[in-house]
Amino acid sequence: MPVISLVSSKGGVGKTTSAVVLAGEFAAAGRKVVLVDADPNRPLEAWARLRALPETMRVVTDDSAETIIDTIEDARAGADFVIVDLEGTATDRIGFAVARSDLVLIPLQSSVLDAAEAAKSVKLVRQMWKVANREIPYRAFYTRVPPAIRERTARDIERQFSDAEIPTLPATLIDRAAYRALFSLGGTLHELESADVSGLNGARENARNFAQTVINTLRGGAA
Ligand SMILES: Nc1ncnc2c1ncn2[C@@H]1O[C@H](COP(=O)(O)OP(=O)(O)OP(=O)(O)O)[C@@H](O)[C@H]1O
Ligand SMILES: [Mg+2]
């Protein structure tokens, strides 16, 4: 079953948030999801303590280069989706996780082209192609997109990246209080209630569209 890794050479761009959002959508669709917390800061472990997780979701912690491949493969055997959250600095562990992935997602937190930042992560992924002896699919995508520029179409963003020859996900995650609330209240967008946070419906719609795009990309394979 597919393994999706969240990778970026830059910290704080939204890897952990995107991992939880994706996992929440897959679980809401009744799929078994394992979130692998491979960040030594253990953000997912902390998040999972806040609220009971959906029945079909679990969090596994492993921040060791020695065991991360086995942890990912064990998770794959028992789940419909495995989502690996990694920290921002380059380590062997990140390389190993990438080498075992079916799709690497590279979040970028910018409304303008940040091809240089994405290029570093792309370089890492492409290096791992040689290790894994296959073309590991990867996509960059924008997170925390201000709602005011939502009308900027995925096509515009894709065009920007095509110059830099970086394949992009035709979906973005917008900046929403509901995404921040996941880490103060715990759970997924489906456990939050409208009284908890504003704009919940918009976030849910955005998350559903994002997850569907990821599924379509997994089905489509390499760029
Ligand atoms: N779509 C979003 N809308 C609103 N806030 C967001 C969104 N994505 C991320 N954030 C916020 O941005 C901050 C960084 O996000 P997050 O922890 O997901 O990044 P990260 O890439 O995992 O960071 P690190 O490199 O430290 O692991 C958090 O405060 C989070 O709540
Ligand atoms: Mg993180």
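Our subject is the structure that appears above.
Since the structure is predicted, the reported quantities are computational estimates derived from the model, not experimental observations. (Residues numbered from 1 in each chain as written. Chains lettered and ligands numbered in written order. Predicted model: local features only at pLDDT ≥ 70, side-chain atom pairs only at ≥ 80, totals over all residues. Heavy atoms only, no water.)

Chemist: What exactly am I supposed to notice about the overall build of the protein chain here?
Modeler: Counting its secondary structure elements, the protein chain contains eight helices and six strands. Each of the 223 residues in the protein chain was classed as buried or not, and the buried ones make up 50%. Within the protein chain, contacts between residues separated by at least 24 positions form 76% of all contacts whose residues are at least 6 apart in sequence. (Helix = DSSP H or I, 4+ residues; strand = E, 2+ residues; numbered from the N terminus. Buried < 20%, exposed > 50% of the residue type's maximum accessible area, 1.4 Å probe, protein only. Contact = heavy atoms within 4.5 Å.)

Chemist: Even after reading the chapter, I still don't get the pairing of strand 4 (residues 81–85), so can you show me in this structure?
Modeler: Every regular strand shows the same layout, with side chains that alternate between the two sheet faces. Of all five residues in strand 4, five are buried; the element is thus mostly enclosed. Where burial is concerned, the two faces of strand 4 agree: the one with F81, I83 and D85 and the one with V82 and V84 are both buried. Relative to strand 4, strand 2 (residues 33–37) runs parallel, the two sharing five bridges. If you follow L35 over to strand 4, its bridge partner there is I83. (Pairing = 2+ DSSP bridges.)

Chemist: Could you clarify how one ought to interpret helix 7 (residues 177–185) in this entry?
Modeler: Residues separated by three or four positions in an α-helix point in the same direction, a consequence of the helix having 3.6 residues per turn. Listed in full, the buried residues belonging to helix 7 are A178, Y179, A181 and L182. Take helix 7 and look down its axis: the buried residues cluster within an arc of 155°, on one side only. The positive-phi residue at the C-terminal boundary of helix 7 is G186, with phi of around 85°. (Arc of directions from axis to C-beta.)

Chemist: What should I look at first to understand the pattern of salt bridges in this one?
Modeler: Oppositely charged side chains may form a pair once their charged atoms are brought near each other. If you walk through the whole model with that rule in mind, you get nine salt bridges. With a shortest N-O distance of 3.4 Å, D63 and R42 are connected by a salt bridge. With a gap of 21 residues between them, D63 in the loop between strand 3 (57–61) and helix 3 (68–77) and R42 in the loop between strand 2 and helix 2 (43–50) connect regions that are remote in the sequence. Taking the relative accessible area as the measure of exposure, D63 reaches 25% and is therefore partly exposed. Residue R42 is classed as partly exposed on the basis of its relative accessible area, which comes to 32%. (Salt bridge = Lys/Arg side-chain N within 4 Å of Asp/Glu carboxyl O.)

Chemist: I'm lost on the nonpolar core in this one. Help?
Modeler: As a rule of thumb, nonpolar side chains are buried together in soluble globular proteins. Counting residues in hydrophobic clusters, the biggest one holds 36 residues, and the most contacted among them are L22, F26, I83, L105, L189 and V214. Among the secondary structure elements, those contributing two or more residues to this core are strand 1 (3–6), helix 1 (15–28), strand 2, helix 2, strand 4, strand 5 (103–108), helix 7 and helix 8 (200–220). Each residue touching L22, except ones within four places of it in the same chain, is listed here: I4, I83, L105, F210, A211 and V214. Counting 31 residues, the second largest nonpolar core, distinct from the first, contains V104, A118, F161 and I174. (Core = buried A, V, L, I, M, F, W, Y, C linked by side-chain atoms within 4.5 Å.)

Chemist: Could you clarify how one ought to interpret the site of ligand 1 in this entry?
Modeler: Near ligand 1 lie 14 residues; those nearest to it are G12, K15, T16, T17 and I174. A distance of 2.8 Å is found between a nitrogen atom of ligand 1 and a backbone nitrogen or oxygen belonging to I174. Contact distances for ligand 1 include 3.2 Å between a nitrogen atom and a side-chain N or O atom of R180. Protein chains bury 77% of the 630 Å² of accessible surface belonging to ligand 1 in isolation. Counting residues per element, the ones that place at least two in the shell around ligand 1 are helix 1 and helix 7. Sorting elements by how many residues they give to the shell around ligand 1 places helix 1 first, with three residues. Each residue belonging to the shell around ligand 1 can be placed in one class, and the counts come to three nonpolar, five polar and six charged. (Near = heavy atom within 4 Å. Polar contact = N/O pair within 3.5 Å; in protein donor to acceptor, adjacent residues only side chain to side chain. Areas by Shrake-Rupley, 256 points an atom, 1.4 Å probe, with all protein chains shown as cover. Nonpolar A, V, L, I, M, F, W, Y, C, P; charged D, E, K, R; others polar.)

Chemist: I'm lost on the pairing of strand 3 in this one. Help?
Modeler: Note that strand 2 and strand 3 share five bridges and pair parallel. What sits directly across from V36, in strand 3, is V60. For the handedness criterion, the β-α-β arrangement of strand 2, helix 2 and strand 3 is classed as right-handed. (Right-handed = clockwise from strand over helix to strand, strands pointing away.)

Chemist: Whenever I open this one, the environment of P167 confuses me. Can you help?
Modeler: Inspection of the secondary structure assignment puts P167 in the loop between helix 6 (154–163) and helix 7. A residue is classified by how much of its surface remains accessible, and P167, at 18% relative accessible area, is buried. Measuring from C-alpha to C-alpha, the distance between P167 and V122 comes to 9.7 Å, with 45 residues separating the pair along the chain.

Function-wise, these values are silent; they only describe arrangement.
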